[in-house]
Amino acid sequence: EVHAINSEHLKNVQNPEQRVLETLNSLADPRSPVSRFHTGNLETLYDAPRRNGSSPVDGLKEYFRTHYCPSRMRVVTFGSKS
């Protein structure tokens, strides 16, 4: 799965619209999640955690247990008709 995410990231690096979006995100308040790296790549999702002695899988499971719950979810729809 990490390799699929990495492939998606590499594809987006060359996308002009993605570059504009990332530039806008970099202007956000540093305390906001918007200002952070969004997609992840092989280095950030696998190599760096392993070098630091942590398991990427365990980190993901902990994040899921802490943050992924129905009471925190919202649905947003967008369209040309109301």
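Residues numbered from 1 in each chain as written. Predicted model: local features only at pLDDT ≥ 70, side-chain atom pairs only at ≥ 80, totals over all residues. Heavy atoms only, no water.

Colleague: Describe the pattern of salt bridges, with residues and values.
Modeller: The full count for this structure, using the stated rule, is four salt bridges. For K11, the salt bridge goes to E8, with nearest N and O atoms at 3.5 Å. Of this pair, K11 and E8 both sit in helix α1 (residues 2-13), separated by three residues, roughly a single helical turn. When its relative accessible area of 40% is taken as the criterion, E8 is described as partly exposed. Among the ionic pairs, R65 bridges to E62, the shortest N-O distance being 2.9 Å. Placement of the pair is R65 and E62 together in helix α4 (residues 56-67), with a separation of three residues, close to one helical turn. A relative accessible area of 58% places R65 in the exposed class. The class of E62 is partly exposed, set by a relative accessible area of 40%. (Salt bridge = Lys/Arg side-chain N within 4 Å of Asp/Glu carboxyl O. Helix = DSSP H or I, 4+ residues; strand = E, 2+ residues; numbered from the N terminus. Buried < 20%, exposed > 50% of the residue type's maximum accessible area, 1.4 Å probe, protein only.)

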